[in-house]
Structures are given as C-alpha cells and as structure tokens.
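So you can see what is in the structure, the chains are spelled out below.
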2 protein chains.
Amino acid sequence: MLKDIHLEALKSIVGNENVYSDKAHLIAYSYDATRTRYEPEAVVFPRDENDISAILKYCNEHQVIITPRGAGSGFTGGALPANGGIILGMEKHMNRILEIDMENMVAVVQPGVINKDLQRAVEELGLFYPPDPASEEYSTLGGNVSENAGGMRAAKYGITKDYVMALRVVLPNGDIIRAGKRTIKDVAGYNIAGILIASEGTLGVLSEITLKLLPKPKFAKSYMGVFPTVEDAMNAVFKSLAAGANPVAMEFLDSLVVQALKEKLGIELPADAGALLIGDVDGNVAQEVEFQLEILEQSFIANGATGFRIADEKKDRDGLWYARRNASQSITIFGSKKLNEDISVPRSKLPVALEKIYAIGAKYGFKVPCFGHAGDGNIHVNVMVDGKDAKQLIDGHHAIEEIFQMVVDLGGTLSGEHGIGLSKAQFMNIAFNESERALFSAVKKAFDPNNILNPNKMGL
Amino acid sequence: MLKDIHLEALKSIVGNENVYSDKAHLIAYSYDATRTRYEPEAVVFPRDENDISAILKYCNEHQVIITPRGAGSGFTGGALPANGGIILGMEKHMNRILEIDMENMVAVVQPGVINKDLQRAVEELGLFYPPDPASEEYSTLGGNVSENAGGMRAAKYGITKDYVMALRVVLPNGDIIRAGKRTIKDVAGYNIAGILIASEGTLGVLSEITLKLLPKPKFAKSYMGVFPTVEDAMNAVFKSLAAGANPVAMEFLDSLVVQALKEKLGIELPADAGALLIGDVDGNVAQEVEFQLEILEQSFIANGATGFRIADEKKDRDGLWYARRNASQSITIFGSKKLNEDISVPRSKLPVALEKIYAIGAKYGFKVPCFGHAGDGNIHVNVMVDGKDAKQLIDGHHAIEEIFQMVVDLGGTLSGEHGIGLSKAQFMNIAFNESERALFSAVKKAFDPNNILNPNKMGL
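Residues numbered from 1 in each chain as written. Chains lettered and ligands numbered in written order. Predicted model: local features only at pLDDT ≥ 70, side-chain atom pairs only at ≥ 80, totals over all residues. Heavy atoms only, no water.

Asks: Run through the interface of chain B and chain A, naming residues and quoting values.
Replies: Each partner contributes to the interface: chain B provides 80 residues, whereas chain A provides 80 residues. Carbon and sulfur atoms supply 61% of the area buried between chain B and chain A, which totals about 6700 Å² over both sides. When residues of chain B are sorted by the area they lose upon contact with chain A, Lys185(B), Val187(B) and Tyr190(B) head the list and together hold 15% of the total. Across the contact surface, chain B and chain A share six salt bridges. Between Glu417(A) and Lys185(B) there is a salt bridge, with its nearest N and O atoms 2.6 Å apart. If you look at where chain B meets chain A, you find 34 residue pairs in polar contact (both at pLDDT 80 or more). Among the elements of the structure, β9 (176-180), α7 (192-196), α8 (230-242), α10 (286-302), α15 (428-431) and α16 (434-447) of chain B are those that each provide at least two residues to the side of chain B that touches chain A. Tallying contributions element by element places α16(B) first for the side of chain B that touches chain A, with nine residues. Classifying every residue of the side of chain B that touches chain A gives 37 nonpolar, 27 polar and 16 charged. (Contact = heavy atoms within 4.5 Å. Buried area = accessible area lost by both parts, 1.4 Å probe. Salt bridge = Lys/Arg side-chain N within 4 Å of Asp/Glu carboxyl O. Polar contact = N/O pair within 3.5 Å; in protein donor to acceptor, adjacent residues only side chain to side chain. Helix = DSSP H or I, 4+ residues; strand = E, 2+ residues; numbered from the N terminus. Nonpolar A, V, L, I, M, F, W, Y, C, P; charged D, E, K, R; others polar.)

What follows is the structure, encoded as structure tokens:
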C-alpha cells in the first residue's frame, strides 16, 4: 500500500475525488488485455497537464513509481503496474478533442480520447484519421501513440507515427515540454516526438497530441482473393504490391482460420479457399479504384488465385469483411488458450515465414492459425494450446521463442503493433545486441534518471 | 594540428592513403554551403563500417573530435569542424547503392550516395524515391538523413524521415547498432532511428541506410497560379489543400522574386503577377491528375487568382518551372549578400507570416524576397543586405532574430529543412525552453558521453 503521506500529497494535488486506494479500484486497474494482474497501490486521475506535472514532480522526488494508463487494452502489459506504485489514469478527465483545425488539417487531442471517437469526429467534416487498430472502439490515442499502434489501413496509410506532428509531454521530473510543431517540416532540435512514439510510457507522460489528418477519399471498394494455398497468397501479397498496387488494406486468413470460420461460425466461404486475401482500395476518382483492382486481380490470378471478388455496396463489402472480422474469435476450436504474437517481416519473406511457423507448430503438436495485415508484413500468429495443460503451456512458449528467432533471422521484428511491455521483454535479447540494449537503457536514463516511470518494461 | 601519434593510429586503421593532414586537404574540407571556414586537423576516409567503428573507438578513447561529412552542402554548418579534430569523409568510399530490393520496394545505400543517383537508379526500375532537396544533384543521403532533408515534393510525399526504414549506425564508442527494420511496422525497442534522423551527426555515424521506395506514378502535369498579391496566394495555398487538393509540389514566388526574374533574367511572366504558385500534380490514372487540377483551379480562382495555366508536355512543364528554378539566383539585385533562412509555419499562418516578414524588413530598410515550399508551410526568407556594410550586416541579423521570434510565436519552427548546426544555434533559446534544451543535452550525453561527435552544434 502507498504510504498515507503520499496519498495525502496526491489528494492535495488532484483533489480527494481523484485519488483511490480502495480494493475495487485497485482490482479494476490491475488488468489489461494480457489478462495478467498486478494491483497498483493507488489510482490517480489527473485533471489537466498541471496535475500531471505536479504528480510526476512529487513522485520523482519521493521515488513513487508511476504507470500511465489509457484504456488498458494493450496486449503486452505496458499499462500494468508490475512494480506497484500508482496508476495514472488518463481516461477520466484527459479525454477531450481540443481542436479540429480544418485549415491545417490537424487535430489536437488529449491522450484519453478514444481512437474511433476522433475518426468519427473528423469524418463528419470530410477529413480522415487513418490509423485503425483492432481496438479502435476503446483504445485511447495516448495508448496508440505510446505503442505506435497500427491497424488494417497501414498498408496504404502507415501507422500512428506517420500522423503524430507534435506532442506535449510531462517529463518524469515534472517539466513540461513540447516536441514537434503543427508544421509538415521541422528540423530544429532532436526529434523528441520520434522517440516518445512507441516508448510505452517509459520516457514521459503525454498530455496533448497533435495529429495530421487527410482529406477523406471519395471512392472505395472491397476485394477478396481466393487462393489454394497459403504460399500462393503470400506470394501474391508482395508481388501485387511490387507491381504497383497500393491497397488500403490487404488482410490475410490462412487455411486453419478458413476452416475455423466454417466449422465454428458456419460462415460460407469458397470450397477451394486454402487462404484468403481481403481488403479495400480507395481513391479520389473512380478510375483510381478500378486501376487498383485491376493490378490486384492480375497479380492475384498470376500467382494462383482461383477467385477474385469485388464488392461495391456497403452490404456486400461488409459481407467480404465478415470473415476477417470473425477470425480471432473463431480459432478457439484449436485450443482453449491462444498464445498470440504479432510478428512482422519484410513482405517478400512472408511465404517462408509462414512455412516455418507451421513447421514449428507441427514439431510441438500445435495448430498455429495465422491471420492479419499481410499487406504490411504484419501477421498475427496464434499458437493454440490447452490452457489447463502445464506442459503445453511450456511447449507453447518454446514454440513462440523459436518463431521469434526465425522472424529475427528473416530480418523481421518481435512486434509489429503490440509492443514489448512485459510479455515480450524476455525476447529482447533475440532481437537486439548488447550495444543496442545498452543504448536503450542510456536513453531511458536520460529521460528518467530515477526510473520512476513504468520501470522494467521493454526489457529495460 | 593533430598529434602524430593520432595520425599514425588513424593510418594504421584505414591505410596511409586514407588519412590526410596536408594544407590542401585541410582547406578543401574547411567549407560548407554557409561559406564559413574551419580547418580540420586531419581528413580521414573510412573504407567501410569496420573502419568507422575503429576510428570512433580510437577517437573516443583519446578525446579526438570527429565531424562526419557527406558533400558539405549543408546550409547551417553541420559538417564544419568548428572545434578542430578530424573530418570523417564519407564520399570517397562509402558511396555505393548496396541493394534495390524490388520485392519489398526498399533501397539499401551507404551514406555517401548522392540523392539524385538513387533517384535515377530506382526510376529506371519503375520505382520512386520522393525526397528532392534543392541540393539533390550533389548532397548525400547520409547528409539528407542527418538533416532530415525536405524538398519540393514534400507537400504530397513528405520528407526524408518518412522514407527511412532502418539504419546501421556506429556509436561514438565504436559499437555498431541497427535501428529499424525492412518492415512497415516495427514497435520493438525505442525508435532510435527516429531520433538519429535530423541529429546532424551529433549522436552517431550512419554506415548504412534502408529507404522506402514507392511505385512511380504514371501521370503528371504542372500548373501555375497567378495572383495579384502575396496574401491572395498564401490564402490559396491552405484553402486549396483544405479543400482536398494533394499536389506533389506547391511552390511560391513573391512579387520581389517575380520582379527580380523579370529584371535580372528577362524571364517573361504575367504582367499582373504579384505572386505565383507553381507545382506538379500526379497520379496512377489521368483522372486523378484532372481531379487535382480542378480543385486547384477552383480554389485558386476563388481566392483571387487572375490566371491558372496547365502544362502537360515536358517542354511546357519546364517552362512553368523555369521561374522557380531561377528564383534563388535572381534576387541578388536586392543586395550583394543574402541572409537566407528556411522558416516553416502552419500553412494557415502563411499570410500573416509573410506580412510580418515584409514589415520587419521594411523597418530595417531591407528587401526580403521570399520563395519556397508553400504547400508544406516552408518558406525561404532572404534578407538582402550589402555584404560590405557592417551596420547592414548587424541590422540584418537583428531582422532575422525578429523573424524567428515571430515565426515561433505563430507556432512555427526555426528550420524546415536546413537544420540548426552552427548558424542557428544562437536562436535555440527562442524556440525551446530550458527543460527542452536540458533534455537535448541529456540525449546527447546518452549517446556520446565524451562529447567527441560534432560537439557544440545545435546549440548543445
């Protein structure tokens, strides 16, 4: 439990009604999407940037550990208070869209704003915020920036880092800094915003985020390519993109996912579907959409596709996407617990990566259904185990470790979207050499010399 | 002069033929585009990454200062050895395009490769490397990354940082690290590549750069908008973009530049041209090009344009661009020396920024012709003074300082493209508060604790 003197100090900053240390709150803030639990010693809700500053200054001086938290929807434990201390909850007060600047096509938000709320607000004005993590309906933009969230539209539109123009940040000592500008170009000083993105709340606390917006494209259609094998589909991914296609999304479902969708959910899919690619194309003019669809169809057929469907109307488009949207929940037929990782490889390595993933699964006797964002090389790999079987759990983790080593050997990364947090910390030495890890520690120390901010995450 | 023992040590690393301390070399490597001179104590040409590592390790241990240098074409002294020590010259050996990976649309280059050489090499293969600084014919990609170079195509295609996927870097202690991957998504570990971009050679020495490529758009046209006043043109910039236009480039010439082009170079321009906007639009389909031109024409006319020209054929397009390309050399009619800065503001602030720039110039009695990349808010501001008049030089610098303060007050930045280096170091306290500057110093120390790498640049 947090010492009373600390609780009182925090209450004097944010008011009694914004500091909680009752059991209900401690339990409520002990979770994230990893389903691992660590209870904090208190939960504090800052009302504004000055509160954040005062809280950090106090905690820094008194060695109280702080874990910033948005929606707690992360997959790697970034928002878990694994070392005790306080949760800094951003969703209660720091949740306003401060400005939508139509003239510069920029949005200014507080970190607790939910991704989809911003998407909806800007789309009403004819603008577009592309990053669309699967958690878009509940994850916060502060969390999105801290994890550098991706999503389905990354193939064409990139990821969160491509939209962050500027940040206001409270450093662990309580100092308030700005990083970046509401300008396209800015090369004055170190790119502090660049290193804060994906830093998982370990370097500073975001208090304000300035995001780039785009004009909303006027035309869009959806497509589905049907392939006899995973290898054909994976070849079609990088060959269609190298041929000049620029789809908004190119999502992949492997044969196990197709099987699960049919068996568990009764979804009708082509009988010959060994793998599917599903996605959208868009453009300012109808001809751009047709141009994209033509490249995709030609490349898909040239790489073995046995079918290529196009959907125009919303209902039909939703139909094509229905399979993809239900992939995650369908695969439980292969095991009660999924060990899911989000590896990313250079796109041309997708065929060999998938082949090796299945081989590693087979070696341990596991099904490993895969799906995800093939268009940007990012695949969600699900090692399905019996959650009640201790040996399977251990073997499952060995399989994951082998998969990570293989991915790194192919020039890929431990995580395309989810971050490292606690869950992947043990694998950092696979991906980074001693010098690289020493540099991470030096950077952490430069920002947070007393190590009060989300310590021991990211393998630090 | 560098101690003999250091010269011998460096020769033992890279060979006698790659270490020079003769006067001719020291003079040749004492310049950059600022025309300020600082002679190094020796010039060293590493042959490969291992040479760089051995040189840095030695220099770090013996407190020998290192200034990395590409083509020496920078505008702010980033490559000037202002504190003596050695120049690490990358253009002699580290100048190869290592790979153009068609399957993943990625190029891997050494830092000494000239920007335009990469552009040409990839365009032969139907691919496209967009960043096009005005120095593209001679500046190196290592320099481009270190300064985060922009260019004319930034309005649509962004700047160097948007194309850097991965770096190999030698840290000051000689350690070799990789930062980033040949993947679209990568959120494992801190974004070290992000902070190395624009770090002006102060944090590490780049040994290899992996750059994202795009498919080359198939259609393009050029346009020119003729405006009676600068204010009209500046309003047209942000209003056309907010209306959904996405031009490749939107370059601006003010009335002084138009006057200079007519008087000095005899270029024929519309009689009613108080300001011009010149640019390109492109697309995969012809209709996208027409779509862009329609938005531009409508927005330009709605904002006071008296003419809108379109050019399709290369000869006509070159004709439209001829004025822009000669802007810089024409303005010498207003003064023998130009104090040129590259401020950047949110686009909607362009009208007021230009108004204030002219007012500051008028206060001191200077003409301040302006031109540049209006489409991304980045304007080259030229305070024209008599280079032999000491008072004018002093007044000119006061004018620059006032301009910077005004730009920062408008939410803009000291530099859109050129960096800080030595030239703008004195203005860092205008743009950054004490906490921000302390953080820059802490970051520098985390990478380079002995301060051997390009010290005292960027106001550090």
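Asks: Report on the packing of aromatic side chains, specifying residues and quantitative values.
Replies: Considering all chains together, one arrives at 24 aromatic pairs over all chains under this definition. Arranged with centres 5.2 Å apart and planes meeting at 65°, the rings of Phe227(A) and Phe300(A) form a pair that is edge-to-face. Taken together, the positions of Phe227(A) in strand β12 (residues 219-227) and Phe300(A) in helix α10 (residues 286-302) put the pair 73 residues apart, joining distant regions of the chain. Judged on exposure class, the residue Phe227(A) and its partner Phe300(A) are both buried. Relative to Phe45(B), the ring of Tyr20(B) lies with its centre 5.9 Å away and its plane at 65°, an arrangement referred to as edge-to-face. In this pair, Tyr20(B) is assigned in strand β1 (residues 19-20) and Phe45(B) in the loop between β2 (42-44) and α3 (49-62), connecting sequence segments 25 residues apart. Classification of Phe45(B) by relative accessible area gives buried; the value is 2%. One aromatic cluster is present, built from ring pairs that chain together Tyr223(A), Phe227(A), Phe300(A) and Phe308(A). (Phe/Tyr/Trp six-rings, centres within 6.5 Å; stacked < 30°, edge-to-face > 60°. Buried < 20%, exposed > 50% of the residue type's maximum accessible area, 1.4 Å probe, protein only.)

Asks: Could you give me a rundown of the sheet that holds strand β17 (residues 370-373) of chain A, with the residues and numbers involved?
Replies: Residue and element names in this part refer to chain A. Pairing within the open sheet is antiparallel, and its seven strands lie in the order β15-β12-β14-β13-β17-β18-β16. The open sheet has two edge strands with one neighbour each: β15 (307-311) and β16 (337-344). For this sheet the average axis-to-axis angle between neighbouring strands, irrespective of direction, equals 15°. Here strand β13 (residues 251-253) runs beside strand β14 (residues 275-283); their pairing, made up of three bridges, is antiparallel. Counted as the bridge partner of Glu251 is Ile278 from β14. (Pairing = 2+ DSSP bridges. Axes fitted to C-alpha atoms, helices over the stretch in contact; angles between N-to-C directions.)

Read these as geometric descriptors, not functional statements.
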